Amino acid sequence: MSPDEVMRIAHLTTVHHRHDTRILLKECRSLAKVHDVTLVVADGLGPEIYDGVRIEDLGKPAGRRERILVKTLEGVRRLIGKFDLLHFHDSELIPAALWAKARGIKVVYDVHEDLPRDLRIKEWIPSTLRLPLSWSASAAEKIAGRAFDGVVTATPTIALRFPVSKTICIRNFPDAAEFQNVAGKPYHMRPEKFAYIGTLSHARGIVPLVEAADFTRATLVLGGKFNTPELESEVRKSRGWQSTEFIGFADRKMVADVLAEVRVGVCTLLPTQTHLDSYPVKLFEYLAAGLPVVLSDFPVWRSLLDGVDCALFVDPSKPGSIAAAINELMDNPQKAEAMGRKGKEAALSRFSWVSEEKRLIEFYDGLGSQTRLNLPPATA
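Cut-off values and rules
- Residues numbered from 1 in each chain as written.
- Predicted model: local features only at pLDDT ≥ 70, side-chain atom pairs only at ≥ 80, totals over all residues.
- Heavy atoms only, no water.
- Pairing = 2+ DSSP bridges.
- Helix = DSSP H or I, 4+ residues; strand = E, 2+ residues; numbered from the N terminus.
- Axes fitted to C-alpha atoms, helices over the stretch in contact; angles between N-to-C directions.
- Contact = heavy atoms within 4.5 Å.
- Core = buried A, V, L, I, M, F, W, Y, C linked by side-chain atoms within 4.5 Å.
- Buried < 20%, exposed > 50% of the residue type's maximum accessible area, 1.4 Å probe, protein only.
- Parallel < 35°, antiparallel > 145°, perpendicular 65-115°, else oblique.
- Left-handed = near helix turned anticlockwise from the far one by under 90°.
- Nonpolar A, V, L, I, M, F, W, Y, C, P; charged D, E, K, R; others polar.
- Right-handed = clockwise from strand over helix to strand, strands pointing away.

## Considering the sheet that holds strand β6 (residues 106-111)
In step 1: The strand order across the open sheet formed by 8 strands is β3-β4-β2-β1-β5-β6-β7-β8, and the pairing between neighbours is mixed. At either margin of the open sheet sits one strand with a lone partner, and together these are β3 (48-50) and β8 (167-169). Neighbour to neighbour, the strand axes of the sheet diverge by 20° on average, direction disregarded.
In step 2: Where β6 lies against strand β7 (residues 150-153), 4 bridges are found, and the strand directions are parallel. Residue pairing across strands places Val108 opposite Gly150, the latter belonging to β7.
In step 3: Packed on one face of the sheet, helix α1 (residues 21-31) meets β1 (8-12), β2 (36-41), β3, β4 (53-57), β5 (85-88), β6 and β7 and runs near 160° to β2.
In step 4: On the sheet, helix α2 (residues 64-79) packs against β1, β2, β4 and β5 and is oriented at approximately 175° with respect to β1.

Okay, structure coming up:
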């Protein structure tokens, strides 16, 4: 197959939302510019065409057991004979993807997170099972790295766990165009608000973040879904909840609209091993929206933004540390606006999806030509 030929590509996920930012809005849409792309999901919402990408629906499973044991095999079975390449996004699909590989389909594994590490902090998994599951995941991914034709990872650290000859790091940088044409207020006219939009969990530092709101005169705009009812109950009892505007789940347009109306973006994840090496998409979205940022004081994040002067770094476990940074930016709006401009410049020049799209398409060209991949190193 020549690199110039159109490949029939199927992206498969039984876990993620059909409009997942990384899967559909970035990877599938980018690949659809040069290849025939179908996204197969399992959500019960039916077929759809989204910006040149066909979406097929396996139907919503009754629970996790049916999703893993039934929908995964059904999804792969649909692909046999119809597609040249399967690009899958969930670790639980590894056994089914191995079956597809044995049937002659090229397979790419997209690794969104450092699963072995992440399983050790999953709150819904009994503590006695976390370490054995982590070991099992590590073993499964070693097999995947050897067996599959390519591996796509979300961070350079994850990429180090897979064979360099077939692995590429495609980072979750935003499409800056999403934030360029939003009709927000001029910075100096915005209300004193700061925002966090993303997963709401203990590990993401939601408890100290909401508590910090009580020590500022600003309002926290909080977007996302709590991962447990118990956490939501705990957070709602915090004094900082009185200074919090909870907006729930936010779609892409809502994210852009919110960030165009606040003064600061916050990402104060707690220092789990997974987070210390992470590249959170919300950080880059804040920068693309022209916001100064308050971040956990992680060495990787300091290095990433070295020389940009767009961030204040804090201890994410201490509400007082978070609040002090928020207050500093609220008290010095001209400084904050200048930091936001520098961050936006960096987002356009260094942290944009445009460069990642180019590398992803080149990666697929290598798969199509069946040559040994000659990829740039998976570094920041």
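Moving on, there is more to tell.
## Some words on the nonpolar core
In step 1: Formed by 63 residues in total, the largest nonpolar core has its most connected members in Phe194, Leu259, Val264, Leu287 and Ile326.
In step 2: If we ignore the near neighbours within four places in the chain, the residues touching Phe194 are Leu209, Ala213, Thr216, Ala218, Thr219, Leu220, Val221, Val262, Val264, Val266, Ile326 and Met330.

## A word on helix α8 (residues 206-213)
In step 1: Burial of α8 is extensive: 7 of the 8 residues sit out of reach of the surface.
In step 2: Buried within α8 are the following residues: Ile206, Val207, Pro208, Leu209, Val210, Ala212 and Ala213.
In step 3: Looking at the packing, one finds that the buried side of α8 touches β9 (193-197), β10 (219-223), α9 (229-236), β11 (244-248), β12 (264-267) and α14 (319-331).

## Let's talk about unusual backbone geometry
In step 1: Here the phi dihedral of Asp51 falls at roughly 50°; this positive angle occurs in a residue that is not glycine.
In step 2: Within the secondary structure, Asp51 sits in the loop between β3 and β4.
In step 3: For Asp51, a relative accessible area of 52% puts it in the exposed group.
In step 4: With a phi angle near 55°, Asp309 is a residue other than glycine that sits in the positive phi range.
In step 5: Relative to the elements of secondary structure, Asp309 occurs in the loop between α13 (299-304) and β14 (311-314).

## Quick word on the packing of α8 against α9
In step 1: Their axes nearest at 10 Å, the elements α8 and α9 cross at an angle of 20°. By the angle between their directions, the pair α8 and α9 is classed as roughly parallel. Seen along the crossing, α8 lies across α9 with a hand that is right-handed. For the pair α8 and α9, the contacting residues are Ile206, Val207 and Val210 in the first and Leu231, Glu234 and Val235 in the second.
In step 2: Grouping the amino acids of the contact of α8 with α9 by side-chain chemistry returns 5 nonpolar, no polar and 1 charged.

## A short note on the packing of α14 against helix α15 (residues 333-349)
In step 1: Axis separation between α14 and α15 bottoms out at 5 Å; the angle between their running directions is 100°. Relative to α15, α14 is oriented roughly perpendicular. For the pair α14 and α15, contact is made by Glu328, Leu329, Met330 and Asp331 and by Pro333, Lys335, Ala336 and Met339, respectively.
In step 2: When the residues that make up the contact of α14 with α15 are grouped by side-chain class, the tally is 5 nonpolar, no polar and 3 charged.

## Brief notes about the pairing of β14
In step 1: Alignment of strand β13 (residues 293-296) against β14, held across 4 bridges, turns out to be parallel. By the bridge assignment for β14, Val294 is matched with Leu312.
In step 2: In this fold, β13 hands off to α13, which returns the chain to β14; that crossover is right-handed.

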